[in-house]
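Descriptive structure summary
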Amino acid sequence: MITQSRRAAGFWLVAVTAVVFLAAASAPSPLYVVYQQEWDFGALMLTVVFAVYAAVLLLTLLVVGGLSDFVGRRPVIVAAIALEIASLAVFLVADDVADLIVGRGLQGLATGVGLGALSAAISDLAPPERPSLAAGLNVASPTFGLASGALLSGLLVQFAPMPRTLVFDVLTILLIVLLAACAVVLPAPSERRPGALASLRPTASVPPAARRAFRNALPVLIATWSIGGLVLSLGGSLAVGVFGVDNHVIGGIVVTAMAGSGSLAAFLARARPARATMLSSSVVLVAGMTTVLLAVTVTSLPLFFTGLVITGYGFGAGFVGALGSVAQLARPQERAELLSAVFVPSYGAFGGAAVIAGLAVPQFGLKPTTMVFGVVVIALALLAIAAELTVRRQESTHEVPALAVDRG
């Protein structure tokens, strides 16, 4: 049995590790314009770079997403950090687009290995007297990582020496420290459950008790992470191509405005009823994306950032509500596999949005692509609102058993 102080140290260590993981994932975003200029490749090849990351991440989640439920959190987290360090080493020596593909593929592998285990470890080590803290940090730490990684990268590219490598040097040092800390601080597996090899069959399992809640949360998961993919893939291009801002810091701030607002929203929403949070955040998503589309139409940069902040708030609160509505219905030994099942449609939407956008922009242009994506996200948010209101009407007439959903 671990001591309370070591439990607290492990909890915050895992949360910081999740931040750095997603910071590494977003760090290349402000650099893509630099890479394209130096290595002369087009939007289609950039789409391949996005697709490799998303495809490898999803496949890895399906194969090893639940492994830590059987072998313990620590060995899986340590292996994931080592893979992330290897991916950054590729970025440090990259000199053509093939290296980018390899580096992003390794990042997808590392994130897929670590994501379920990190999220489950946050839930395992959360203070018993503050159960809502785990749900908040499980969303706030990755979104804060996306925000900080993009902003740090943009600042270093714009103002620091070695613009193509310095951000990866910084992240590598942080990850080496975290690797050592996790190996020492995180509790060793107490007892390995049988079935680790069988768990490697590609699957994304949702326990029966959580299936209804999972179905209800799907529109919110897809809408929120589609926005993430849209902003990370088109955000920098919108700043340059629509608003005429040729500045790497602004490209980073585009991601930071959305993800930073999402991180704050996730933390503030952590103690609210999950379903009520999903419903209200879907309304916020509609308002935010409508503002973004209006800004693109009238070419207003201040309105664009206002829309991103509003949308980010809906993103963070919506995801914490969706995650909380299903995570509370899983037993401890089911957490990693269930959380991986949550991340599969999330990152599927994230990567799918980036890939589809990359293919659509050369054919239809930046503005039309953004407008269509925005309308789709609004439709998904409206679907989530309709689904929740339908369930509430069913509950009021006792058509849905009270234990099947959480009372929001």
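Residues numbered from 1 in each chain as written. Predicted model: local features only at pLDDT ≥ 70, side-chain atom pairs only at ≥ 80, totals over all residues. Heavy atoms only, no water.

Summed over the entire model, instances satisfying the criterion amount to nine aromatic pairs. Seen in terms of ring centroids, Phe-91 and Phe-168 are 4.8 Å apart; in terms of plane orientation they differ by 15 degrees. Their pairing is stacked. In this pair, Phe-91 sits in helix α5 (residues 73–93) while Phe-168 sits in helix α8 (residues 166–185), placing the two residues 77 residues apart along the sequence. An aromatic cluster is present here, built from Trp-225, Phe-315, Phe-319 and Phe-350 joined pairwise through their rings. For Arg-104, the ring lying beneath its charged end belongs to Tyr-53, and the centroid distance is 4.1 Å. (Phe/Tyr/Trp six-rings, centres within 6.5 Å; stacked < 30°, edge-to-face > 60°. Helix = DSSP H or I, 4+ residues; strand = E, 2+ residues; numbered from the N terminus. Lys NZ or Arg CZ within 6 Å of the ring centre and 35° of its normal.)

Attention now goes to the confidence of the model for the protein chain. Low-pLDDT stretches of the model should not have their predicted coordinates read in fine detail. Within the protein chain, residue pLDDT values average 83, and 91% of them lie at 70 or more. Here residues 402–408 is a poorly scored stretch, pLDDT under 50, and it has 19 contacts once near neighbours within four places are set aside; other chains count. (pLDDT = per-residue confidence, 0-100. Contact = heavy atoms within 4.5 Å.)

On the surface, a nonpolar cluster with roughly 290 Å² of combined accessible area is contributed by Leu-264, Leu-268 and Tyr-313. The partly exposed category is assigned to Tyr-313, whose relative accessible area is 34%. (Patch = residues over 30% accessible without salt bridge, like charges linked within 9 Å, V, L, I, M, F, W, Y side chains within 5 Å. Areas by Shrake-Rupley, 256 points an atom, 1.4 Å probe, with all protein chains shown as cover. Salt bridge = Lys/Arg side-chain N within 4 Å of Asp/Glu carboxyl O. Buried < 20%, exposed > 50% of the residue type's maximum accessible area, 1.4 Å probe, protein only.)

Attention now moves to helix α2 (residues 32–39). Buried within α2 we find Tyr-32, Val-34, Tyr-35 and Trp-39. Down the axis of α2, the buried set is contained in an arc of 155 degrees. They therefore lie on one face. Just downstream of α2 lies Asp-40, where phi reads positive at about 55 degrees. (Arc of directions from axis to C-beta.)

Here the idea is simple: oppositely charged side chains can pair when their charged atoms come close. In this structure the tally under the stated criterion is four salt bridges. Its salt-bridge partner being Glu-38, residue Arg-164 comes within 2.9 Å of it at the nearest N-O pair. Pair noted here: Arg-164 is in the loop between α7 (131–159) and α8 and Glu-38 is in helix α2, with a separation of 126 residues, a long-range link. For Glu-388, the salt bridge goes to Arg-275, with nearest N and O atoms at 2.9 Å. Of the two residues, Glu-388 sits in helix α14 (residues 366–396) while Arg-275 sits in helix α11 (residues 274–298), which places them 113 residues apart along the sequence.

According to the stated counting rule, one finds six cavities of 30 Å³ or more in the structure shown. The space that makes up the largest cavity amounts to roughly 80 Å³. Looking at the largest cavity, the residues that line it are Leu-230, Val-231, Gly-235, Leu-238, Val-254, Met-289, Val-292, Phe-304, Leu-308 and Thr-370. Elements with a contribution of two residues or more to the lining of the largest cavity: α9 (211–241), α11 and α12 (301–327). Per-element accounting of the lining of the largest cavity gives the leading share, four residues, to α9. Looking at the lining of the largest cavity, its residues break down into eight nonpolar, two polar and no charged. (1 Å grid on protein atoms, 1.4 Å probe; cavity = no way out; pocket = protein on both sides within 12 Å on 5 of 7 lines; lining within 4 Å. Points joined across faces, edges and corners; volume = space filled by probe spheres on them. Nonpolar A, V, L, I, M, F, W, Y, C, P; charged D, E, K, R; others polar.)

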